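Secondary and tertiary structure notes
Next come the chains, spelled out residue by residue.
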Amino acid sequence: MVNGQATAFELPCYGVQLYLQFSAPIRSSIVTGYALRGLLGRALFRQVCIYDSARCAVCALRTGCAYPQVFKPSEITHARLPGYVIHDWRVDESGYGLRFKLILLGTSAHYLETWLEALQAMNGSIQLDRAGDGRIIDIRDLGSDQRLTRLSSRKMITPISLVSEFSTRCRIVLETPLITKHDQHEIFFPALRTRLRRLCAEYGKGDIAVDHAPWTVIDQRLISRKLQLNNRAGKIKTYTGELVVDELSEIGAKILKVGALVHAGSDANCGMGRYRVESIR
């Protein structure tokens, strides 16, 4: 059963693709998103904070500051997810360049200009893992695919189109490990739905009031394995693999389209739970 409210959910997504080049080769892996998160967090913190370490809970500026409002809302409330996602990083042909996408959700896009200024302030000295002397080569608006010739705010970027063109039968392929506490036959959909509902509550509107998956799983090949992640003390359970779904409904297609940008499960803002959808015709 699908509640009528399900089709009303909205989660505006904005984004930029950044192209960085370094003086040493880049080693990309499934956990590169954690290193990028560290880079973006350090840059933003240096740009907006006068303290040596975060004191957001007692700071009078916390309600308008980009650091707790977008990057690390856990500094002021544990219930709120970050308003950004590190998405789709790739090393270029030279091995010295890295392209990645920074997705901003809803009102978080208001802070894009501050974030880009923070990176610009580090230009020529950006450090990512063991690669240094990093420079910003190019920034593109994902909504319009236009190059940004100067630092941009939300008013100057275009929302990313979320119109789905998926067929009713699709293959969902996990490109980075899915981290979730859900442990049942249908692992993927509960992890995606939980994340989207929380993000809509903070950065969008409406709800995903879907009682069951808005598709039928006809083949599921998810492999469970333990993985050591940069921000965890021990190894955690993750899933990789793919599933094939049929009878994809209109709301199901919308859920998959939005989720492909914002990912599923935990640590999604660091790039975990990223997937692609392939139509099967």
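It should be noted that the structure appears before, not after, this text.
First, a word on scope: everything that follows refers to the structure included in this document.

1. Overview of the packing of aromatic side chains
Taken as a whole and judged by the stated rule, the model has eight aromatic pairs. Plain terms: the ring middles of Phe71 and Trp115 are 6.1 Å apart, the flat faces sit at 90° to each other, and that makes the pair edge-to-face. Within this pair, whereas Phe71 is found in helix H2 (residues 66-71), its partner Trp115 is found in helix H3 (residues 112-121), the two being separated by 44 residues in sequence. For Phe71, a relative accessible area of 3% puts it in the buried group. Taking 5.1 Å as the distance between ring centres and 90° as the angle between the ring planes, the aromatic pair formed by Phe188 and Tyr275 counts as edge-to-face.

2. Thoughts on the sheet that holds strand S10 (residues 275-279)
Spatially, S8-S9-S7-S10 is the arrangement adopted by the four strands of the open sheet, whose pairing is antiparallel. The strands lining the two open edges of the sheet, one partner per strand, are strand S8 (216-227) and S10. Each adjacent strand pair in this sheet contributes to an overall mean axis angle of 15°, direction not counted. Sheet analysis places strand S7 (residues 170-174) next to strand S9 (residues 236-246), joined by four bridges and oriented antiparallel. By the bridge assignment, Val173 is partnered in S9 with Glu242. Strands S7 and S10 of the sheet are contacted by helix H5 (residues 250-262), whose axis makes an angle of about 140° with S10.

3. Regarding H5
Along its 13 residues, H5 runs 19 Å from first to last C-alpha, staying within 8% of the 18 Å computed at 1.5 Å per residue. Residues of H5 that are buried include every one of Ile251, Gly252, Ala253, Ile255, Leu256, Val258, Gly259, Ala260, Leu261 and Val262, and no others. Buried positions along H5 lie against strand S1 (13-21), strand S2 (84-91), strand S3 (97-105), S7, helix H4 (188-203) and S10. Phi turns positive one or two residues past the end of H5, at His263, with a value near 75°.

4. Section: the pattern of salt bridges
Scanning the entire structure with this criterion turns up 15 salt bridges. For the salt bridge of Arg90 with Asp88, the shortest nitrogen-to-oxygen distance reads 2.8 Å. One network of salt bridges, in which partners are shared, links Arg171, Glu175, Glu242, Arg274, Arg276 and Glu278.

5. Things to note about the pairing of S2
When you tally the buried positions in S2, you get six out of eight residues, the bulk of the element. Between the end of S2 and the start of S3, which pair antiparallel, lie five residues, with Gly95 showing a positive phi angle near 85°.

6. Quick notes on the state of the cysteines
Applying the stated criterion across every chain, the model contains zero disulfides. Cys170 forms no disulfide, and the closest cysteine sulfur to it belongs to Cys13, at a distance of 19 Å.

7. Regarding the packing of H4 against H5
One can describe the packing of H4 onto H5 by two numbers: an axis separation of 11 Å at closest approach and a directional angle of 80°. Accordingly, the angle class assigned to the pair H4 and H5 is roughly perpendicular. Together, Phe188, Phe189, Leu192, Arg195, Leu196 and Leu199 of H4 and Ile255, Leu256, Val258, Gly259 and Val262 of H5 make up the contact between the two elements.

8. Quick word on the side chain of Arg80
With respect to the secondary-structure elements, Arg80 resides in the loop between H2 and S2. Under the relative-accessibility criterion, Arg80 is labelled buried at 17%. Looking at Arg80, its side chain comes within polar contact range of the main-chain oxygen of Gln69, at 3.0 Å. Once residues lying within four places of it in the same chain are set aside, the contact partners of Arg80 are Gln69, Pro73, Arg198, Glu202 and Tyr203.

9. A closer look at the packing of helix H1 (residues 32-48) against H3
Relative orientation of the contacting elements H1 and H3 amounts to 95°, with a least axis distance of 8 Å. With respect to H3, the element H1 is oriented roughly perpendicular. On H3, the residues that touch Leu40, Ala43, Leu44, Gln47 and Val48 of H1 are Thr114, Trp115, Glu117, Ala118, Leu119 and Ala121. For the contact of H1 with H3, the class distribution of residues is eight nonpolar, two polar and one charged.

10. Description of the environment of Gly241
Following the sequence through the fold, Gly241 ends up in strand S9. Between the C-alpha atom of Gly241 and that of Ile30, which follows or precedes it by 211 residues, the distance is 14 Å. Contacts of Gly241, omitting those with residues within four sequence positions, involve Ile172, Val173, Leu174, Arg221 and Leu222.

11. A look at unusual backbone geometry
Although it is not a glycine, Asp133 sits at a positive phi angle of roughly 55°. Position of Asp133 among the secondary structure elements: in strand S5 (residues 131-141). Backbone geometry at Asp145 places phi at a positive 60°, although glycine is not the residue there. Looking at the secondary structure, you find Asp145 in the loop between S5 and strand S6 (146-147).

Parameters at a glance
- Residues numbered from 1 in each chain as written.
- Predicted model: local features only at pLDDT ≥ 70, side-chain atom pairs only at ≥ 80, totals over all residues.
- Heavy atoms only, no water.
- Phe/Tyr/Trp six-rings, centres within 6.5 Å; stacked < 30°, edge-to-face > 60°.
- Helix = DSSP H or I, 4+ residues; strand = E, 2+ residues; numbered from the N terminus.
- Buried < 20%, exposed > 50% of the residue type's maximum accessible area, 1.4 Å probe, protein only.
- Pairing = 2+ DSSP bridges.
- Axes fitted to C-alpha atoms, helices over the stretch in contact; angles between N-to-C directions.
- Contact = heavy atoms within 4.5 Å.
- Expected span 1.5 Å × (residues − 1).
- Salt bridge = Lys/Arg side-chain N within 4 Å of Asp/Glu carboxyl O.
- Disulfide = S-S within 2.5 Å.
- Parallel < 35°, antiparallel > 145°, perpendicular 65-115°, else oblique.
- Polar contact = N/O pair within 3.5 Å; in protein donor to acceptor, adjacent residues only side chain to side chain.
- Nonpolar A, V, L, I, M, F, W, Y, C, P; charged D, E, K, R; others polar.

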